[in-house]
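Single-letter residue listing:
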Amino acid sequence: MNELSNKKFSLSTAQVSSNMADEVVILNHDKGMYYGLSEVGALVWSALESGPKSFDELCELVMNEYEVDRVNCEEDIAALLDELLREKLVVDEA
Amino acid sequence: MPLYRAFELTIASDILLPELISLPENGNSIPDIHIVRSAITFPSMEQTAIHRRGVMARSGTGSDGSICLQWEGIASFRAVGGHTLYVDSYTEDFALLSLFTVSEALGCVLFQRGLLLLHASSVQVGQEAFCFMGEPGAGKSTTASAFVKQGAQLLSDDLTAIAFDKKNQPFVLPAYPQLKIWGNTVQGLGLDSARLVPVSEGINKFAMVPDMDFPSKPVPVAQIYFLHKARNRSALQAVQPTEAPVELVRHFPLATHLLTGKALQRHFMQSIWCASAASIWRLRRPKDFASLEEWVLSNATKV
């Protein structure tokens with residue numbers, strides 16, 4: 001059981017983003033930092049744009065789109081969310 | 001009080017601005033911007049990377065959102081609400097004062113009016129605008145002059161202001177009919193020296209007023225070029241749309257402290273809209289005037 005499973009994730013108010021050519025470009029306007037996401041990252045971001053999602057929901061979504069086993073998928077999503085949280089682009093709610 | 005037209009705006013000014021198009025003073029146009037002589041009280045000021053004639057500018061933002069710009073020995077400016085630019089001059093040289101007024105200082109007012117500002121020279125090719133960005137010395141004005149020589153219309157030199165319509169389409173606002181070019185550009189491109197006036201004493205730079213009507217309508221942005229001189233990069237490389245916001249911040253012509261919070265968000269969205277509507281390139285500056293003219297000819301087919 002992953003400690004992330006029970007949490008919901010949503011986009012922070014410090015960011016503004018735009019989808020361009022299958023990629024997402026993001027600005028953290030508090031920090032003045034820019035980020036780019038492609039493929040899995042862009043897919044997760046788009047899902048979060050439509051509302052808060054749980055870790056499991058995000059994993060399901062990615063597994064539906066990509067041929068990846070659950071263990072690897074969970075690892076990738078956990079790493080991605082960790083980074084997005086650290087950069088204050090995403091916030092979590094217990 | 002003289003009335004002028006620049007960037008699609010009517011400007012009433014206490015000081016002479018010979019670069020701009022004069023309007024009849026008895027007309028019924030209501031000024032959008034007032035340029036007013038006044039003493040200026042500064043907020044806390046910081047050094048910027050903006051330099052002109054070897055003078056570095058200091059800038060600061062007041063608690064009322066006004067933007068101050070100070071050029072030692074030349075003038076201080078305070079832009080308020082996108083409608084008034086206060087000027088405190090330290091020089092008797094009215095041409096020098098005008099040069100500094102119609103560049104970054106007026107740019108601060110345009111920024112307050114919500115326009116996207118590029119450190120770029122722009123020309124109209126056919127029905128489209130081409131913008132040339134780059135560090136000082138990268139060849140912005142030279143490239144624009146080479147297009148003008150081939151019959152393109154000048155839209156702006158050094159400072160380009162972009163407005164967006166309701167569909168977020170970008171348009172270059174025609175600035176004023178003057179290009180400032182180096183003496184070697186005049187010779188290199190074989191320009192008619194009869195149309196040139198020295199910018200001021202001691203500097204080998206000339207002002208060129210193109211021999212044609214100045215465009216009066218906004219022109220849709222089609223091409224944006226970042227000029228560079230790096231030999232180790234390819235001659236022409238597409239800039240990915242996702243890179244546009246960072247590149248446009250890097251070439252922001254005003255003090256970077258202005259790009260925070262809401263203003264930075266606006267700049268980000270406007271950059272995205274530009275990247276959606278226009279092609280963006282990194283272009284290595286052609287190695288000499290002959291290759292520049294060749295490149296211009298191959299791109300000016302729509303002129």
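The present account deals with the structure reproduced in this document. Just so you know, these numbers come straight off a predicted model, no measurement behind them. (Residues numbered from 1 in each chain as written. Chains lettered and ligands numbered in written order. Predicted model: local features only at pLDDT ≥ 70, side-chain atom pairs only at ≥ 80, totals over all residues. Heavy atoms only, no water.)

Brief notes about the sheet that holds strand β1 (residues 3–6) of chain B
Within a sheet, adjacent strands bond to each other through the backbone by hydrogen bonds, running parallel or antiparallel.
Residue and element names in this part refer to chain B.
Then comes step 1: Judged by pairing direction, the sheet is mixed, and its nine strands sit side by side in the order β3-β1-β2-β4-β9-β8-β7-β6-β5 without closing on themselves. One side of each edge strand has no neighbouring strand; the edge strands of this open sheet are β3 (21–23) and β5 (46–52). The average undirected angle you get between the axes of adjacent strands in this sheet is 25 degrees.
Then comes step 2: Across four bridges, the pairing between β1 and strand β2 (residues 9–13) is antiparallel. Paired with A6 across the two strands is L9, which belongs to β2. (Pairing = 2+ DSSP bridges. Helix = DSSP H or I, 4+ residues; strand = E, 2+ residues; numbered from the N terminus. Axes fitted to C-alpha atoms, helices over the stretch in contact; angles between N-to-C directions.)

Observations concerning the interface of chain B and chain A
Often, the extent of an interface is quoted as the loss of accessible area upon association of its parts.
Then comes step 1: Across the boundary between the two partners, chain B contributes 13 residues, which contact 11 residues of chain A.
Then comes step 2: Both sides together, the interface formed by chain B and chain A hides about 1,100 Å², and carbon and sulfur atoms give 79% of it.
Then comes step 3: Here chain B and chain A share zero salt bridges between them.
Then comes step 4: Between the two partners, chain B and chain A, sit one residue pair in polar contact (both at pLDDT 80 or more).
Then comes step 5: In terms of residue count, helix α5 (residues 261–277) of chain B provides more of the side of chain B that touches chain A than any other element does, eight residues in total. (Contact = heavy atoms within 4.5 Å. Buried area = accessible area lost by both parts, 1.4 Å probe. Salt bridge = Lys/Arg side-chain N within 4 Å of Asp/Glu carboxyl O. Polar contact = N/O pair within 3.5 Å; in protein donor to acceptor, adjacent residues only side chain to side chain.)

A closer look at the pattern of salt bridges
Then comes step 1: The final tally for this structure, using the stated rule, is 13 salt bridges over all chains.
Then comes step 2: Across the pair D92 of chain A and K7 of chain A runs a salt bridge, and its minimum N-O distance is 3.4 Å. In this pair, D92 of chain A is assigned in strand β6 (residues 90–93) and K7 of chain A in the segment before β1 (8–11), connecting sequence segments 85 residues apart.
Then comes step 3: Look at K7 of chain A and you get partly exposed, because its relative accessible area is 27%.
Then comes step 4: Here K149 of chain B and E293 of chain B are joined by a salt bridge, their closest N and O atoms 2.9 Å apart. Of this pair, K149 of chain B sits in helix α2 (residues 140–149) while E293 of chain B sits in helix α6 (residues 289–299); the two residues are 144 residues apart in sequence, bridging distant segments of the chain.
Then comes step 5: Given a relative accessible area of 17%, E293 of chain B falls into the buried group.
Then comes step 6: Here the residues in one salt-bridge network are E243, E247, R250 and R282 of chain B, joined through shared partners. (Buried < 20%, exposed > 50% of the residue type's maximum accessible area, 1.4 Å probe, protein only.)

Concerning unusual backbone geometry
Residue and element names in this part refer to chain B.
Then comes step 1: For R53, which is not glycine, the phi dihedral falls at a positive 55 degrees.
Then comes step 2: The phi torsion at N168 lies on the positive side, around 65 degrees, for a residue other than glycine.
Then comes step 3: Note that N168 resides in the loop between β13 (159–164) and β14 (170–172).

Side note on α2 of chain B
Then comes step 1: Taken across its 10 residues, α2 of chain B has nine buried, putting it largely inside the fold.
Then comes step 2: Positive backbone phi, approximately 100 degrees, marks G151 of chain B, located one or two places after α2 of chain B.

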